[in-house]
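Chain residues, written in single-letter form:
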Amino acid sequence: MILVGVILLIIGFLTGISILWTIGIILAVVGAVLWILGATGHAIAGRRHYW
């Protein structure tokens with residue numbers, strides 16, 4: 001999810017399409033939060049690991 005967010009950020013920046021930039025930021029932030037929660041051992045949606 002983080003990788004997709006970063007790719008959308010780059011594409012949105014290069015093409016000037018603001019919706020891609022916004023979606024990229026949201027995906028990167030959500031992916032980072034899920035990664036941090038999974039790394040600390042919290043179960044997310046019944047799963048021990050995010051991936």
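Small disclaimer: the values here were computed from a predicted structure and weren't measured.

**Notes on the overall build of the protein chain**
Working step 1: Within the protein chain, the regular secondary structure consists of 2 helices and 0 strands.
Working step 2: For the protein chain, the proportion of its 51 residues judged to be buried stands at 20%.
Working step 3: The contacts of the protein chain with a sequence gap of at least 6 include a subset with a gap of at least 24, amounting to 27%.
Working step 4: Just so you have it, the protein chain exposes about 3800 Å², and 78% of that area is on carbon and sulfur atoms.

**Re the packing of helix H1 (residues 2-15) against helix H2 (residues 18-39)**
Working step 1: Orientation of H1 relative to H2, taken along the N-to-C sense of each, is 160°, at an axis distance of 7 Å. Classified by the interaxial angle, the pair formed by H1 and H2 is roughly antiparallel. Seen from above, H1 lies across H2 with left-handed handedness. Packed against H1, whose contacting residues are Ile2, Val4, Gly5, Leu8, Leu9, Ile11, Gly12 and Phe13, the element H2 presents Leu20, Trp21, Ile23, Gly24, Ile25, Leu27, Ala28, Gly31, Ala32 and Trp35 at the interface.
Working step 2: Classifying every residue of the contact of H1 with H2 by side-chain character gives 14 nonpolar, 4 polar and no charged.

**Some words on the packing of aromatic side chains**
Working step 1: Applying the stated criterion across every chain yields a total of 1 aromatic pair.
Working step 2: Aromatic side chains Phe13 and Trp21 sit 6.2 Å apart centroid to centroid with 45° between the ring planes, which places their arrangement in the tilted category.
Working step 3: What makes Phe13 exposed here is its relative accessible area of 62%.
Working step 4: A residue is classified by how much of its surface remains accessible, and Trp21, at 38% relative accessible area, is partly exposed.

**Quick notes on the environment of Leu20**
Working step 1: One can find Leu20 in helix H2.
Working step 2: Judged by relative accessible area, which is 21%, Leu20 ranks as partly exposed.
Working step 3: Taking C-alpha positions, Leu20 is 6.5 Å from Leu9, a pair spaced 11 residues apart along the chain.
Working step 4: In contact with Leu20, other than residues within four places in its own chain, are Leu8, Leu9, Ile11 and Gly12.

Definitions and limits used
- Residues numbered from 1 in each chain as written.
- Predicted model: local features only at pLDDT ≥ 70, side-chain atom pairs only at ≥ 80, totals over all residues.
- Heavy atoms only, no water.
- Helix = DSSP H or I, 4+ residues; strand = E, 2+ residues; numbered from the N terminus.
- Buried < 20%, exposed > 50% of the residue type's maximum accessible area, 1.4 Å probe, protein only.
- Contact = heavy atoms within 4.5 Å.
- Areas by Shrake-Rupley, 256 points an atom, 1.4 Å probe, with all protein chains shown as cover.
- Axes fitted to C-alpha atoms, helices over the stretch in contact; angles between N-to-C directions.
- Parallel < 35°, antiparallel > 145°, perpendicular 65-115°, else oblique.
- Left-handed = near helix turned anticlockwise from the far one by under 90°.
- Nonpolar A, V, L, I, M, F, W, Y, C, P; charged D, E, K, R; others polar.
- Phe/Tyr/Trp six-rings, centres within 6.5 Å; stacked < 30°, edge-to-face > 60°.

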